[in-house]
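Listed here are the chains, written in short residue letters.
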Amino acid sequence: MDLSSKIQNVKFENLFLNASGIHCQTKEELDDLMNNSYSGGMVTKSATSNHRFGNPLPRYHSLPSGSINSMGLPNEGFDFYLDYVTRTEQKKPIILSVAGMSKEEDLELLHQIQDSDYQGLTELNLSCPNVIGKPQMAYDFQGSDIMLNEIFKFFKKPLGIKLPPYFDLVHFDKIASILNQYPLSHVNTINSIGNGMWVDIESEKVVLKPKGGFGGIGGAMALPTALANVRALRQRLNSSIDIIGTGGVTTGRDAFAHILCGANMVSIGTQVYEEGLGAFERITSELKEIMNSKGYHSLDDFRGKLKTIE
Ligand SMILES: O=C1NC(=O)NC(C(=O)O)N1
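Residues numbered from 1 in each chain as written. Predicted model: local features only at pLDDT ≥ 70, side-chain atom pairs only at ≥ 80, totals over all residues. Heavy atoms only, no water.

(A) Layout of the packing of helix H7 (residues 252-261) against helix H9 (residues 278-294). At their nearest, the axes of H7 and H9 sit 7 Å apart, and the two run at 65° to each other. Where H7 crosses over H9, the two elements pack in a sense that is right-handed. Facing Gly-252, Arg-253, Ala-255 and Phe-256 of H7, the residues of H9 in contact are Ile-283, Glu-286, Leu-287, Ile-290 and Lys-294. Across the contact of H7 with H9, the residue classes break down as five nonpolar, one polar and three charged. (Axes fitted to C-alpha atoms, helices over the stretch in contact; angles between N-to-C directions. Helix = DSSP H or I, 4+ residues; strand = E, 2+ residues; numbered from the N terminus. Left-handed = near helix turned anticlockwise from the far one by under 90°. Contact = heavy atoms within 4.5 Å. Nonpolar A, V, L, I, M, F, W, Y, C, P; charged D, E, K, R; others polar.)

(B) Region of the structure containing the site of the ligand. Surveying the vicinity of the ligand reveals the residues Lys-45, Asn-69, Met-71, Gly-72, Leu-73, Pro-74, Asn-125, Cys-128, Pro-129, Asn-130, Asn-191 and Ser-192. In this structure, Asn-69 approaches the ligand through a side-chain N or O atom, which is 2.9 Å from an oxygen atom. Of the residues that constitute the shell around the ligand, the class distribution is five nonpolar, six polar and one charged. (Near = heavy atom within 4 Å. Polar contact = N/O pair within 3.5 Å; in protein donor to acceptor, adjacent residues only side chain to side chain.)

(C) Representation of the pairing of strand E6 (residues 66-69) within the structure. Burial along E6 is two-sided: the residues Gly-66 and Ile-68 and Ser-67 and Asn-69 are all buried. Sheet analysis places E6 next to strand E14 (residues 215-218), joined by three bridges and oriented antiparallel. Across the sheet, Ile-68 pairs through a bridge with Ile-217, a residue of E14. (Buried < 20%, exposed > 50% of the residue type's maximum accessible area, 1.4 Å probe, protein only. Pairing = 2+ DSSP bridges.)

(D) Structural view of the pattern of salt bridges. Under the counting rule described, the total for this entry stands at seven salt bridges. Among the ionic pairs, Arg-282 bridges to Glu-275, the shortest N-O distance being 2.6 Å. Accessibility expressed as a relative area gives 24% for Arg-282, which makes it partly exposed. Glu-275 gets classed as partly exposed once you look at its relative accessible area, which sits at 34%. A salt bridge links Asp-300 to Arg-303; its shortest N-O distance comes to 2.6 Å. (Salt bridge = Lys/Arg side-chain N within 4 Å of Asp/Glu carboxyl O.)

(E) The arrangement of unusual backbone geometry in detail. The residue after Leu-57, namely Pro-58, is reached through a cis peptide bond having omega -5°. Turning to its location among the elements, Pro-58 is positioned in the loop between strand E4 (42-43) and strand E5 (60-63). The omega angle of the peptide bond from Thr-189 to Ile-190 is 15°, so this bond is cis rather than trans. Mapping Ile-190 onto the fold places it in the loop between strand E10 (186-189) and strand E11 (193-196). For His-23, which is not glycine, the phi dihedral falls at a positive 55°. Inspection of the secondary structure puts His-23 in the loop between strand E3 (16-18) and helix H1 (27-35). Positive phi, close to 55°, is recorded for Lys-211, a residue that is not glycine. Note that Lys-211 resides in the loop between strand E13 (205-206) and E14.

(F) Helix H6 (residues 223-236), seen in detail. Spanning 14 residues, H6 covers 20 Å between terminal C-alpha atoms, matching the ideal 20 Å at 1.5 Å per step. Burial of H6 is extensive: ten of the 14 residues sit out of reach of the surface. If you check which residues of H6 are buried, you get Leu-223, Thr-225, Ala-226, Leu-227, Asn-229, Val-230, Arg-231, Ala-232, Leu-233 and Arg-234. Looking at the buried side of H6, the elements it contacts are strand E9 (159-163), helix H5 (169-179), E10, E11, strand E15 (242-246) and H7. (Expected span 1.5 Å × (residues − 1).)

(G) Up close: the pairing of E9. Burial within E9 is extensive, with five of its five residues counted as buried. Here E9 shows no split at all, with Leu-159, Ile-161 and Leu-163 on one side and Gly-160 and Lys-162 on the other all buried. Inspection of the sheet shows strand E8 (residues 121-125) paired to E9 by four bridges, in the parallel sense. Its bridge partner being in E9, Glu-123 is matched across the sheet by Gly-160. With helix H4 (residues 141-154) bridging E8 and the parallel E9, this β-α-β connection has right-handed handedness. Bridging between E9 and E10 involves four bridges; their strand directions are parallel. Residue Ile-161 lies in a different strand from E10, and its bridge partner there is Val-187. For the crossover from E9 across H5 to E10, the handedness is right-handed. (Right-handed = clockwise from strand over helix to strand, strands pointing away.)

Encoded structure:
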């Protein structure tokens with residue numbers, strides 16, 4: 001049974017990654033992921049230029065079938081992550097995630113990566129919904145196009161983009177037609193479903209402090225949206241652009257669905273946060289069970305082969 005996969009020419013022993021933000025902010029957390037034998041790769045917390053505490057607490061809340069968060073990009077600062085991905089013994093591929101607080105900062109971070117010794121994968125997070133006053137860049141189609149144009153004038157290393165969910169087929173057409181103009185290594189879809197709301201009935205109060213309680217939705221509730229975005233982008237993006245499917249994966253069945261929709265790799269966020277790193281082992285064995293029962297030996301046997309009803 002072969003669960004290996006690739007992003008461009010970077011090979012992963014298995015298809016599973018942590019979702020950026022989950023168990024990947026500190027050295028201890030990153031080392032845990034590096035030593036966990038059931039995830040084929042790992043993604044860092046999205047780095048900003050400077051260390052950030054992030055939004056005030058409470059900023060994460062478990063929901064009956066998912067999570068809501070308004071973390072606000074807490075991270076150790078870019079230099080820490082660049083040093084970690086450059087210096088640490090790579091038992092598995094790492095994706096360096098960056099999220100500038102402005103377009104200028106995005107460009108500055110990417111210039112630093114371009115000028116560094118780092119040769120691995122980079123992912124530009126254009127979709128954090130939780131920085132107060134900062135829009136999700138990837139919902140600004142023209143702005144994204146202009147920014148990508150500027151980036152690829154100087155950035156020559158593998159670069160992927162973390163996208164928010166889209167909900168309109170015309171929007172899938174628009175973002176794909178923009179992304180297809182650039183030599184992207186991958187897209188990672190989806191980020192959390194931005195600005196959801198949860199209400200505690202007893203206290204008649206929101207559950208998050210930042211932004212009056214608005215926060216990104218993840219976990220099981222996000223699966224239908226995540227599958228739709230993986231499928232729609234796979235149908236529209238050049239085959240040269242790989243896809244990391246993120247959102248709603250709590251079981252092997254969910255991971256199987258992401259691959260059927262076209263994902264090359266699958267990242268797991270809320271479920272790893274709630275269950276711990278053991279979720280990677282459990283979901284890996286569940287996926288193997290399903291593949292075995294269907295006679296599949298590798299992910300290529302069924303990737304992107306979702307059937308429609310004729
Ligand atoms: O891109 C992000 N998505 C989220 O759902 N939360 C984090 C954050 O708020 O830091 N960032």
